[in-house]
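In case you want the letters, here they are:
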Amino acid sequence: MLDNQPFREGHVTVNGVDVRYRVAGPENDRTPLVLVHGTAGSIDGHYGYIFPMMAYRQRVIALDWSEPAGDTLELADLVAQVKAVITAEVPEGPVTLMGYSLGACVAAMTAAEMGGKIANLILAAGWLRTDTHQKMRNDVWRQLRDQDSASVTQYMTFCAFSPAFMNMRTVEDMKAAAGMLKITPFVEKQMDLNTRIDIAAACETIAAKTLVIGCTYDMMVPKHHSKQLFGAIEDARYAEIPSGHAVVHERAAELFHYVDRFTRQPDEFPAGAIIPAQKP
Amino acid sequence: MTTETDILIVGTGFAGLGMAIQLKRSGRENFIAIERAGDVGGTWRDNHYPGIACDVPSHLYSYSYLPNPDWSRVFSPGGEIQAYIRKCAEDEGILPHIHFHTNMLKSTWDEDAKRWIVETSKGTYAAKILITGTGHLADGHMPNIEGLDSFTGDVFHSADWDHSVPLEGKRIGVVGSGASAIQIVPEMQRLASELVVFQRSAPYMIPRWDRAFTEGERRMCRRDPSVVEDMRSEIFWSGEFNFAQRRNIPRFLNEAKALAVGHREANIKDPELLAKLTPDYEIGCKRLLISNTYYPAVAAENATLEASALQRVEGNTAYGASGTGYDLDVLVFATGFEAVRPPFATRIFGTEGISLDERWDQGMQAYDSIAVNGYPNLFIINGPNTGLGHNSVVYIIEAQVDYIMEALAQIDAQNIEVIEVKRAAEDAYMEKLDAMAQGTVWLAGGCKSWYVDERSGRLTLVWPDFAHSFRDENGTFHPEGYDMQPAPVAAE
Ligand SMILES: Cc1cc2nc3c(=O)[nH]c(=O)nc-3n(C[C@H](O)[C@H](O)[C@H](O)COP(=O)(O)OP(=O)(O)OC[C@H]3O[C@@H](n4cnc5c(N)ncnc54)[C@H](O)[C@@H]3O)c2cc1C
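Chain B has the name Cation diffusion facilitator CzcD-associated flavoprotein CzcO in an unreviewed UniProt entry, where Donghicola tyrosinivorans is given as its organism.

By the naming in an unreviewed UniProt entry, chain A goes by Pimeloyl-ACP methyl ester carboxylesterase and is assigned to Donghicola tyrosinivorans.

This is the structure we're talking about:
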């Protein structure tokens with residue numbers, strides 16, 4: 001008999017589009033955890049591990065982004081969706097808000113705007129301001145996409161995983177994984193948004209207790225970005241996971257470990273601390 | 001004559017030895033480890049059957065503070081692990097602290113002297129603190145088989161292999177299909193004229209990603225120890241990932257199942273054999289096995305898979321529960337260990353004068369998986385709720401040793417004479433664990449396994465969570481769970 005965790009689906013309307021979310025896990029002394037996925041992601045795609053495992057610990061809420069009307073996507077569109085879900089489910093707050101990749105930028109912006117309602121913040125593989133290195137990668141991606149090249153998903157996969165992770169698998173395995181990626185017009189808009197991120201000013205105003213998680217072998221959002229977030233946010237502590245950008249797949253259990261510890265006791269480490277890696 | 005010591009450790013496997021090393025490293029000299037056998041190593045000393053190897057990669061399955069750059073393979077053979085443990089004992093200067101051939105027979109708490117009185121095969125010891133590291137897979141389990149006495153051939157247990165028995169060209173029966181059996185069977189298949197495997201229930205099996213390390217790789221590990229550290233981290237966290245399967249989450253369980261089914265079907269073509277090798281319970285409910293050689297071995301010409309338990313023996317014929325008989329020269333029992341009711345528990349008597357085994361009549365339990373109310377100044381390593389289905393036991397042992405080191409530091413600092421866990425704390429801990437265990441594959445997977453105590457249906461052997469949360473929760477001493485009595489100040 002499988003342990004089919006009970007969960008509830010909810011939805012809110014934001015600027016005319018329907019945003020769906022999922023709620024699971026017991027209410028207890030931990031603040032509810034709200035999960036925001038990243039580019040080309042979804043609840044199952046980016047939080048397939050963290051969502052069910054954290055729901056054995058506490059209340060977890062996660063949303064799937066919906067494509068807003070219009071030709072370009074703005075950070076504010078996604079922030080509005082996250083705010084609406086929080087307001088619907090935990091109107092008085094406080095929550096712990098976690099974002100991954102572009103979702104981390106969304107979460108940081110949300111924390112800046114919602115103030116005290118966001119008691120704790122977790123930013124995994126996020127960034128402060130898009131830099132030349134990222135623009136260059138994004139530009140290659142754009143060219144491959146414009147050529148309608150099949151290699152665009154392979155390029156994404158190549159950039160997403162660390163060499164160590166890839167070397168445990170075959171080229172065929174990795175190509176098969178690439179084949180599962182779907183590039184929709186909404187994903188294209190997210191890729192475009194990725195080139196225009198600048199949340200530096202907002203980060204200076206974040207009051208939430210924050211855990212910044214950088215990934216040692218990240219080629220998409222190299223860890224110096226996480227260090228910048230660690231510097232910009234007043235009450236931040238930093239942890240590093242030896243994985244590529246796809247930490248939610250590569251080192252899901254280690255990511256869980258940091259999320260679990262932080263949500264249990266956000267002040268276990270003081271602001272400014274670099275959390276030592278567990279040496280098993 | 002009674003030998004006095006501050007701290008007495010029972011057993012010198014990974015647990016007892018790991019404890020001794022940390023005591024020594026902290027500058028303590030006043031401790032003794034007793035060991036019933038003639039060498040350290042425990043599991044790895046006793047199990048020297050053909051084919052023995054670990055099933056957690058060696059770079060992780062070793063002490064974190066004594067990395068070994070020289071492992072020959074990803075999954076090293078048992079002899080190499082034994083040599084490693086032996087070397088650790090020598091290098092760390094522990095051998096002089098060990099009293100070999102010293103079997104703990106009876107330990108009783110002396111309320112007046114506030115000491116454990118430990119009677120052994122080599123005399124009596126008195127110790128302020130007693131620490132058991134007797135292992136949960138240390139005493140071989142032999143099923144009661146009707147007529148086994150009448151067997152005309154040779155019989156032995158996997159954990160007590162009789163290397164003097166010739167096997168080449170013999171008719172060999174292997175009883176069992178667990179972790180030891182699947183390592184033994186391929187070796188026996190190569191030697192035997194005929195091989196019969198008595199299988200009570202079919203195990204799940206996945207491929208074993210094993211290979212030899214090159215000399216260059218070993219040199220790399222010697223030259224740059226951070227390489228070993230990175231490997232440990234990699235192995236540990238990929239092991240941790242698999243806890244989601246044990247947690248019984250459909251997506252991850254199904255991924256593991258697909259791997260196991262694919263492995264089975266790639267190796268076994270005969271539909272009848274395939275049916276016999278297909279488990280009737282959920283994956284992970286019993287230990288998930290890893291082997292590339294077991295399926296080919298049972299599918300070989302000279303092998304028969306008897307899909308029922310060995311039931312009785314008459315002369316040289318061994319009968320499965322199905323009624324089929326096989327004429328055999330050798331019977332190997334790979335039937336596991338006395339895990340659920342460990343024998344050491346019948347030998348330790350607390351403040352009420354009852355044995356731990358009686359105290360545990362509804363199954364083993366201990367606060368923080370280490371201390372039992374009514375048994376003051378006793379710490380149990382690798383006892384109740386410490387087993388893992390998905391990662392290295394040495395990691396758990398190290399967390400427990402850290403816990404004890406902190407407890408000892410506090411005992412010294414506050415001059416504590418008696419430390420006893422509160423019953424309420426112990427019960428609350430077990431309630432928490434019971435709740436965590438609900439819905440896990442061990443309880444809900446539809447199998448009978450040694451992880452669960454039949455008397456209560458409780459999961460008493462396994463830690464029902466990530467290994468890393470064991471360290472988070474039980475890697476540090478929790479004084480609030482204990483009553484601590486300081487020693488009276490000596491009157492002048
Ligand atoms: C075949 C086999 C393969 C295994 N493979 C793995 C693996 O790959 N990965 C993994 O994590 N775990 C594995 N295990 C589990 C293994 O038991 C533990 O990893 C670990 O070795 C346990 O160490 P320990 O010190 O707790 O117990 P043990 O190694 O069992 O040591 C206990 C010691 O206590 C002594 N002792 C017991 N009773 C007394 C007494 N009354 N008086 C004096 N001395 C006593 C025993 O002689 C023994 O030396 C395996 C077990 C077996 C049997």
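Trainee: Run through the overall build of chain A, naming residues and quoting values.
Mentor: Counting its secondary structure elements, chain A contains 13 helices and eight strands. Against the 2.2 N^0.38 benchmark of 19 Å for 280 residues, chain A shows a C-alpha radius of gyration of 18 Å, consistent with a compact globule. Referenced to the eigenvectors of the C-alpha coordinate spread, the extents of chain A come out at roughly 50 × 50 × 50 Å. Looking at chain A residue by residue over its 280 residues, the buried ones come to 59%. Counted over contacts in chain A with a minimum sequence separation of 6, partners at least 24 positions apart contribute 75%. Where the 26 positive side-chain charges of chain A centre and where its 33 negative ones centre are 4 Å apart.

Trainee: Describe the pattern of salt bridges, naming the residues involved and giving the relevant values.
Mentor: Pairing is possible between side chains that carry opposite charge, provided their charged atoms lie close to one another. Taken as a whole, this structure holds 51 salt bridges over all chains when the rule is applied. The partner of Lys87(B) in a salt bridge is Asp91(B), and the shortest N-O contact between them spans 2.6 Å. Taken together, the residues Lys87(B) and Asp91(B), both in helix 3 (residues 78-91) and four residues apart, mark about one turn of the helix. In the salt-bridge network here, residues are joined through shared partners; they are Arg30(A), Arg57(A), Asp260(A) and Asp465(B).

Trainee: Could you give an account of the domain arrangement of chain B, naming the residues involved and the relevant values?
Mentor: By a widespread convention, an interface's size corresponds to the accessible area lost as its parts come together. Residue and element names in this part refer to chain B. In terms of domain boundaries, chain B breaks down into domain 1 (2-139 + 338-486) and domain 2 (166-333). One C-alpha centre belongs to domain 1, the other to domain 2, and the line joining them spans 28 Å. In this complex, domain 1 contributes 44 residues to the contact, which on the side of domain 2 involves 38 residues. Carbon and sulfur atoms supply 57% of the area that domain 1 and domain 2 bury against each other, a total of about 3700 Å² over both sides.

Trainee: Kindly report on the interface of chain A and chain B, identifying the contributing residues and their values.
Mentor: In this assembly, 26 residues from chain A lie in contact with 31 residues from chain B. Between chain A and chain B, the buried area comes to about 2500 Å², and carbon and sulfur atoms account for 57% of it. A per-residue breakdown of the area chain A buries against chain B is headed by Leu2(A), Tyr49(A) and Pro280(A), which together make up 25% of the total. Where chain A meets chain B, there are four salt bridges. Across the pair Arg57(A) and Asp465(B) runs a salt bridge, and its minimum N-O distance is 2.7 Å.

Trainee: Tell me about the side chain of His245(A), and name the residues and values.
Mentor: Relative to the helices and strands, His245(A) resides in the loop between strand 8 (236-241) and helix 12 (247-250). Excluding residues within four positions of it along the chain, His245(A) makes contact with Tyr100(A), Ser101(A), Ala125(A), Ala160(A), Asp218(A), Met220(A) and Val221(A).

Trainee: If you had to explain the sheet that holds strand 8 of chain A to someone new, which residues and values would you point to?
Mentor: Residue and element names in this part refer to chain A. Read across the sheet, eight strands follow the order 1-2-4-3-5-6-7-8 without closing on themselves; strand pairing throughout is mixed. Looking at which strands have only one partner, the edges of the open sheet turn out to be strand 1 (7-14) and strand 8. When the angles between neighbouring strand axes are averaged without regard to direction, this sheet yields 20°. With five bridges connecting them, strand 6 (residues 118-124) and strand 7 (residues 209-215) associate as parallel partners.

Trainee: Give me the lowdown on the site of the ligand, citing residues and values where you can.
Mentor: Residues and elements named next belong to chain B. Around the ligand, the surrounding shell holds 36 residues, and the nearest of these are Glu35, Thr43, Asp55, Tyr61 and Asn382. Here an oxygen atom of the ligand sits 2.6 Å away from a polar atom, N or O, in the side chain of glutamate 35. Take asparagine 103: an N or O atom from its side chain is 3.1 Å from a nitrogen atom of the ligand. Considered on its own, the ligand offers 990 Å² of accessible surface; in the complex 96% of this is hidden by protein. Contributing elements (two or more residues each) for the shell around the ligand: helix 1 (14-25), helix 2 (43-46) and helix 12 (393-413). With three residues, the single largest contributor to the shell around the ligand is helix 2. Each residue belonging to the shell around the ligand can be placed in one class, and the counts come to 15 nonpolar, 16 polar and five charged.

Definitions and cut-offs
- Residues numbered from 1 in each chain as written.
- Chains lettered and ligands numbered in written order.
- Predicted model: local features only at pLDDT ≥ 70, side-chain atom pairs only at ≥ 80, totals over all residues.
- Heavy atoms only, no water.
- Helix = DSSP H or I, 4+ residues; strand = E, 2+ residues; numbered from the N terminus.
- Rg over C-alpha atoms; globule rule 2.2 N^0.38 Å.
- Buried < 20%, exposed > 50% of the residue type's maximum accessible area, 1.4 Å probe, protein only.
- Contact = heavy atoms within 4.5 Å.
- Lys, Arg positive; Asp, Glu negative; His and termini not counted.
- Charge placed at Lys NZ, Arg CZ, Asp CG, Glu CD.
- Salt bridge = Lys/Arg side-chain N within 4 Å of Asp/Glu carboxyl O.
- Domains from an automatic or database assignment.
- Buried area = accessible area lost by both parts, 1.4 Å probe.
- Pairing = 2+ DSSP bridges.
- Axes fitted to C-alpha atoms, helices over the stretch in contact; angles between N-to-C directions.
- Near = heavy atom within 4 Å.
- Polar contact = N/O pair within 3.5 Å; in protein donor to acceptor, adjacent residues only side chain to side chain.
- Areas by Shrake-Rupley, 256 points an atom, 1.4 Å probe, with all protein chains shown as cover.
- Nonpolar A, V, L, I, M, F, W, Y, C, P; charged D, E, K, R; others polar.

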